[in-house]
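Given next are the chains, with one letter for each unit.
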Amino acid sequence: MAKAQPRQIDLLGNPVEYEVRHSADASEPRIDVDIHGVTVVLPESENARPSRLLKENAAWVVDQQRKYDTYREQVPDRTFEAGECFPFLGQDRELVIESRRKHEVDEDSIRLRKSAVEQSSVKQVLENFYRSRARDYLTDRTDHYAERMSVKYEKLELRNQRTRWGSCSTGGTISLNWRLVMAPPDVVDYLVVHELAHLIEQHHGREFWQLVGEHSPNYKEKAEWLERNSAKLVFSEEDV
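Calculation rules
Residues numbered from 1 in each chain as written. Predicted model: local features only at pLDDT ≥ 70, side-chain atom pairs only at ≥ 80, totals over all residues. Heavy atoms only, no water. Helix = DSSP H or I, 4+ residues; strand = E, 2+ residues; numbered from the N terminus. Rg over C-alpha atoms; globule rule 2.2 N^0.38 Å. Buried < 20%, exposed > 50% of the residue type's maximum accessible area, 1.4 Å probe, protein only. Salt bridge = Lys/Arg side-chain N within 4 Å of Asp/Glu carboxyl O. Phe/Tyr/Trp six-rings, centres within 6.5 Å; stacked < 30°, edge-to-face > 60°.

Novice: Help me out: how do you make sense of the overall build of the protein chain in this one?
Specialist: If you tally the helices and strands in the protein chain, you get seven helices and eleven strands. Its C-alpha radius of gyration of 19 Å places the protein chain within 12% of the 18 Å reference for a compact globule of 240 residues. Taken over the C-alpha atoms alone, the protein chain extends approximately 60 × 45 × 30 Å along its principal axes. Here the protein chain, with 240 residues, has 45% of them falling under the buried criterion.

Below is the structure:
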């Protein structure tokens with residue numbers, strides 16, 4: 001993607017800051033609104049006017065921005081100290097730092113190797129832990145659903161995307177945000193199914209949602225959970 005261009009527009013009397021990004025993965029213009037702000041994503045060859053797209057969807061953009069302003073107040077104030085709780089697959093677990101051979105996670109805690117923390121920082125070691133577990137877990141779930149849906153993807157990439165939890169490129173690359181490993185398993189599965197479905201239906205029409213529903217029952221509830229709780233999955237203030 002090209003470097004973001006900060007801009008401002010008046011929508012229904014509300015000043016709205018937004019960025020414009022061009023993406024090779026985008027098949028049509030779209031607007032992304034999340035806790036980080038408003039982004040207009042355009043295909044690389046697209047000459048659409050971002051301002052027109054925003055004005056055509058003004059009420060929706062303003063409503064979404066207000067929701068995320070509320071979510072921003074819910075962002076955890078993490079101190080990255082032993083005893084603090086961090087979510088892993090939807091359950092809060094106490095952070096324990098102790099002398100041990102390797103990092104582990106159990107039903108109640110995330111246990112980090114003390115020597116690794118001493119050589120770096122709690123925050124960095126914990127992020128590395130999440131990324132490692134996300135790689136294993138998300139690969140397993142993507143392979144599982146790819147087989148069930150009879151699709152083949154080219155590769156899986158882990159990202160710390162600012163505006164999306166996942167994406168699927170026209171070349172078959174599935175990209176998922178590593179912070180998804182903080183979410184409940186059924187929400188993770190919904191995201192995986194959602195992106196794999198784009199290998200068959202490259203839109204969000206009726207056929208697409210029917211396909212998603214076949215493999216992720218009650219997908220609307222899972223999508224709503226992610227929207228309501230996205231702030232809780234922010235790892236640190238640097239993500240905001």
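There's more to say after this.
Novice: Honestly, the pattern of salt bridges in this entry has me stumped. Any pointers?
Specialist: Scanning the entire structure with this criterion turns up 15 salt bridges. In this structure, the salt-bridge partner of Asp106 is Arg111, at a minimum N-O distance of 4.0 Å. Look at Asp106 and you get partly exposed, because its relative accessible area is 33%. Take Arg111: its relative accessible area is 24%, and that puts it in the partly exposed class. A salt bridge links Arg131 to Glu127; the shortest N-O distance between them is 3.0 Å. A residue pair is termed a helical-turn pair when its members lie 3 or 4 positions apart in one helix, as Arg131 and Glu127 do in helix α4 (residues 122–149) at four residues. Residue class for Glu127 comes out buried when judged on its relative accessible area of 17%. Connected through salt bridges with shared partners, the residues Glu98, Arg100, Asp106 and Arg111 form a single ionic network.

Novice: Help me understand the packing of aromatic side chains in this model?
Specialist: How two aromatic rings sit relative to each other is given by the distance of their centres and the angle of their planes. In total, this model carries ten aromatic pairs according to the counting rule given. Between Phe208 and Trp209 the ring centres are 4.9 Å apart and the planes differ by 80°, which places this aromatic pair in the edge-to-face class. On the accessibility criterion, Phe208 (0% relative accessible area) is buried. Taken together, the ring pairs in this structure connect Phe80, Phe86, Phe88, Phe129, Tyr130, Trp178 and Phe235 into an aromatic cluster.

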